[in-house]
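What follows is each chain in one-letter form.
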Amino acid sequence: MTMERRRGPGRPRRAEQRDTHAAIMAAATGLFARRAYDSVSLREVAAAAGVDVATVHHHAGTKADLYQACFARVFAAESEALAGAVASAHEGLRSGPEEAFARLHALLDVFVDFLERVPETTALWLRRWSEPELHAELDDAYSLPLYQAVEEVLIAATDLGLLAEPSPRIAVRSLVWSVHAHVVSPSARGDERIEFRAFVHRWLDRMYRVG
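How each quantity is defined
- Residues numbered from 1 in each chain as written.
- Predicted model: local features only at pLDDT ≥ 70, side-chain atom pairs only at ≥ 80, totals over all residues.
- Heavy atoms only, no water.
- 1 Å grid on protein atoms, 1.4 Å probe; cavity = no way out; pocket = protein on both sides within 12 Å on 5 of 7 lines; lining within 4 Å.
- Points joined across faces, edges and corners; volume = space filled by probe spheres on them.
- Helix = DSSP H or I, 4+ residues; strand = E, 2+ residues; numbered from the N terminus.
- Phe/Tyr/Trp six-rings, centres within 6.5 Å; stacked < 30°, edge-to-face > 60°.
- Buried < 20%, exposed > 50% of the residue type's maximum accessible area, 1.4 Å probe, protein only.
- Lys NZ or Arg CZ within 6 Å of the ring centre and 35° of its normal.
- Salt bridge = Lys/Arg side-chain N within 4 Å of Asp/Glu carboxyl O.
- Contact = heavy atoms within 4.5 Å.
- Axes fitted to C-alpha atoms, helices over the stretch in contact; angles between N-to-C directions.
- Parallel < 35°, antiparallel > 145°, perpendicular 65-115°, else oblique.
- Nonpolar A, V, L, I, M, F, W, Y, C, P; charged D, E, K, R; others polar.

Some points on empty space enclosed by the protein
- Within the structure shown, the criterion is met by one cavity of 30 Å³ or more.
- The wall of the largest cavity is formed by 24 residues, among which Phe111, Val150, Val172, Leu175 and Val176 lie closest to the centre.
- Mapped onto the lining of the largest cavity, the elements with two or more residues apiece are helix 4 (63-92), helix 5 (97-117), helix 6 (120-129), helix 8 (144-159), helix 9 (168-184) and helix 10 (191-208).

Comments concerning the packing of aromatic side chains
- Within this structure, the stated rule accounts for ten aromatic pairs.
- An angle of 75° between the planes, with centres 5.0 Å apart, marks the rings of Tyr67 and Phe71 as edge-to-face. Of this pair, Tyr67 and Phe71 both sit in helix 4, four residues apart, roughly one helical turn.
- When the centroid spacing of 6.2 Å and the interplanar angle of 40° are considered together, the rings of Phe196 and Phe199 count as tilted. Taken together, the residues Phe196 and Phe199, both in helix 10 and three residues apart, mark about one turn of the helix.
- For Phe199, a relative accessible area of 38% puts it in the partly exposed group.
- Every member of this aromatic cluster is reached through a ring pair, and the members are Phe32, Tyr37, Tyr67, Phe71, Trp125, Trp129 and Trp177.
- Lying across the ring of Tyr37, Lys63 places its NZ or CZ 4.4 Å from the centre.
- Here Arg209 stacks its cationic end above the ring of Phe101, 4.3 Å away from the centre of that ring.

Some points on unusual backbone geometry
- At His135, a residue that is not glycine, the phi angle is positive and equals roughly 55°.
- Among the secondary structure elements, His135 is positioned in the loop between helix 6 and helix 7 (137-142).

A few points about the pattern of salt bridges
- Inspection of the entire model under this criterion finds ten salt bridges.
- Among the salt bridges present, the one from Arg35 reaches Glu44, with a minimum N-O distance of 2.8 Å.
- By relative accessible area, which is 28% here, Arg35 ends up partly exposed.
- For the salt bridge of Glu99 with Arg103, the shortest nitrogen-to-oxygen distance reads 2.6 Å. Separated by four residues within a single helix, Glu99 and Arg103 lie in helix 5, roughly one turn from each other.
- Overall, the relative accessible area of 30% leaves Glu99 in the partly exposed class.

A few points about the environment of Leu124
- Locating Leu124 in the fold gives a position in helix 6.
- Separated by 31 residues in the primary sequence, Leu124 and Ile155 have C-alpha atoms spaced 29 Å apart.
- Contact partners of Leu124, with chain neighbours within four places excluded, come to Thr29, Phe32, Ala33, Cys70, Phe71 and Val74.

Topic: the packing of helix 4 against helix 5
- The interhelical angle for the contact between helix 4 and helix 5, taken along N-to-C directions, is 170°, at an axis separation of 8 Å. In this view, helix 4 runs roughly antiparallel relative to helix 5, as classed from their interaxial angle. Where helix 4 approaches helix 5, its residues Val74, Ala77, Glu78, Ala81, Leu82, Ala85, Val86, Ser88, Ala89, Glu91 and Gly92 are matched on the opposing element by Glu99, Ala100, Arg103, Leu104, Leu107, Val110, Phe111, Phe114 and Arg117.
- Among the residues forming the contact of helix 4 with helix 5, the class breakdown is 13 nonpolar, two polar and five charged.

Dropping the structure here:
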């Protein structure tokens, strides 16, 4: 016979702790996405999450810790979304130019899909980049790894003669900024989303197809 471990008086269940942490992270991400770092207080985060400030401190630490955790949260989601498409693109390089470009187009779709589905990712980064002197370490931890993963695909494809890109670093950043701008545009809905998707696919073919 097994006995369920009793909780101490007032001690929250693990599920309740996860729910509270998720609520705090969602509230903080939304606030930091809309306003600059210095204009968001932990008291506001607590109010938006429906908890007190002590609970925010317990789950997230300082405001700087919480801010970093917001970027870690969207980075984890974006990494999970892109990982399979990046791996598939690498595999496609061994199957010739048509398959390689099909996989690159699929990777592009996954990226645009993710940012359209999780627009707070764009909002967080645009807020962060509008204050370049603050929290620059976030770029190294949560932006550059994703850039580099895609750059490596372009470099490998160039080495195989499948495409020509002398500046993969600039190419990836230019595309990322283009998609971010699309996501935050007030008109980025309906027909314009379809038009933008068609544009980035034309861009990929016209910029990089050899010959």
